[in-house]
Amino acid sequence: MRYVSTRGVAPELGFGDVLLEGLARDGGLYVPTGASAQLGGSGVDGEPGPIPPYVELAATVMAPFVVPDMVAARFAEIVADAYTAFGHPDVVPLVELGDGLWVQELFHGPTLAFKDVALQLVGRLMDDELARRDECRTIVVATSGDTGSAAIDACVGRDRLSIVVLHPAGRTSEVQRRQMTTVDAPNVTNVAVEGTFDDCQDLVKAMFAHEAFRDELRLGAMNSINWGRVLAQIPYHVAAAAQLGRCVVSVPSGNFGNILAGWYAARLGAPIERFVVATNRNDILARWVARGDLVAEPVVATLSPSMDIQVSSNHERLLFELLGRDGTATAELLGRFRATGSVEAPRDPAFVAARLDDDETLAEIARVHDETGMLVDPHTAIGIGAARRARATGAVDPSLPVVCMATAHPAKFPDAVETATGIRPPLPARLADLYDRPERYEVVAAHLESVQELVRVNVAR
Ligand SMILES: *Cc1c(COP(=O)(O)O)cnc(C)c1O
């Protein structure tokens, strides 16, 4: 498989380069050149018949995207290894809620959020590719909470990767901070920046922009625009559709990576008929569906912080397809959006949308608990609530089953769950001692040279 940039200028690359490169040199995102109807006859195309175990299915679905850069047999081994870290034998189990609604639990990974599904694989794939090239990378990540711990866990035990994570001091939840700072591994450095999440993100961007520093430390990225992350999310959409047949997926969306993976699954032949974009009050994507425009508004804080995003980076990949794979037109559209904050944008009628505010989110958590006894986190509740609304308005056919993506474990957001239900969800056994483990992190001012010095010292080890 070869990959091209959505902005049409950067060179075509194979999988290994795309994995390590992240963002294309022309500012675009890499997309596969041929991704259509590959599932036919593979046993996972929604036709009746036995469905292979998840790791086998996942390796089969993804293999065409990684060969010939990676050998298929080696790739299958890495996929199998990635998902041994998950706390459920089915990896991403599908659970029935009733009334034709299903929940696909994507939170059984080591850090309890769906980002593990992609990052556990991406960390191993990067390590393997770097070993082949005899190179190393220093991963630098800014986080407001969830991404940091998933990226750290993806780097633990990987010989070729070190990671430095910048979080805003005192501004993450205690669970989130402890999940990052209690990891005791020589290649992990946590930095509490005296500033906001935006300061952290600006510092990371400045380090990447400083070419001498970037080359000296061989900086690498694991952010959600990496094609490897989208790829790793395609198989669970395929698995759900293989089990249920013709269906709808409802996805709590922020950077649009998860739902875009569902769209790719459908392109490959999975019988997914509609995609429900579920958002909180930061609803640029819901407005895109309703009005065919992209209009940036200030980000507001909600009970579902992992979706508090206004510019959804992966959306560019879909826009590129909707513009007939025209890189010049895509670059022009996104350039105008950046300059003016408002553009008309093409739509795909397969995408429908619904948004829930915080009160509606709490009401949905309470409703699911009342009706099924199940505790769901605020992000997951938005996916379920959006699915109900899309059915009620007729935006999706109510006779089709809907798979609601459960993107975080309820114990990751215990305050909201307790407010809604009166029950404080306990951490799973493997994390039960989180509050007793020692924390390790450095505190530093939001000042580029100080942070660079800290990265240098810690990576030199
Ligand atoms: C990252 C995240 C999301 C948003 O996913 P995207 O792929 O960025 O749309 C939703 N819920 C949770 C819990 C997350 O961590």
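Conventions and cut-offs
- Residues numbered from 1 in each chain as written.
- Predicted model: local features only at pLDDT ≥ 70, side-chain atom pairs only at ≥ 80, totals over all residues.
- Heavy atoms only, no water.
- Helix = DSSP H or I, 4+ residues; strand = E, 2+ residues; numbered from the N terminus.
- Buried < 20%, exposed > 50% of the residue type's maximum accessible area, 1.4 Å probe, protein only.
- Contact = heavy atoms within 4.5 Å.
- Salt bridge = Lys/Arg side-chain N within 4 Å of Asp/Glu carboxyl O.
- Pairing = 2+ DSSP bridges.
- Axes fitted to C-alpha atoms, helices over the stretch in contact; angles between N-to-C directions.

Enquirer: How should the environment of Val 459 be read in this particular structure?
Expert: Tracing the backbone shows Val 459 in helix H17 (residues 448-460). With a relative accessible area of 18%, Val 459 lands in the buried category. Considered as a pair, Val 459 and Met 180 are 279 residues apart in the sequence and their alpha carbons are 17 Å apart. Residues within four places of Val 459 in sequence aside, it is in contact with Thr 138, Ser 162, Val 164 and Leu 217.

Enquirer: Would you explain the pattern of salt bridges in this entry?
Expert: Side-chain pairing between opposite charges can occur once the charged atoms of the two side chains come close. Tallied over the full model, the rule gives 35 salt bridges. A salt bridge links Arg 124 to Asp 81; its shortest N-O distance comes to 2.7 Å. Linking Arg 124 in helix H4 (residues 115-133) with Asp 81 in helix H3 (residues 72-82), this pair joins segments that are 43 residues apart in sequence. Given a relative accessible area of 34%, Asp 81 falls into the partly exposed group.

Enquirer: Just to check I follow, could you spell out the sheet that holds strand S7 (residues 188-194) for this structure?
Expert: With parallel pairing, five strands are arranged side by side in an open sheet as S8-S5-S6-S7-S15. Since the sheet does not close on itself, it has two edges, and those belong to strand S8 (219-220) and strand S15 (442-445), each with one partner. Along the sheet, H4 contacts strand S5 (137-142) and strand S6 (161-168); its crossing angle with S6, the most-contacted strand, is approximately 140°. Its contacts with the sheet put helix H6 (residues 174-181) on S6 and S7, and the angle it makes with S6 is roughly 155°.

Enquirer: I would appreciate a short explanation of the sheet that holds strand S9 (residues 247-252) in the present structure.
Expert: Two pairing modes exist for strands in a sheet, parallel and antiparallel, and in both the strands are linked by backbone hydrogen bonds. With mixed pairing, six strands are arranged side by side in an open sheet as S3-S4-S14-S9-S10-S13. This sheet does not close on itself; its edge strands, each paired only once, are strand S3 (94-98) and strand S13 (351-355). Ignoring strand direction, the axes of neighbouring strands in this sheet form an average angle of 25°. Sheet analysis places S9 next to strand S10 (residues 272-279), joined by six bridges and oriented parallel.

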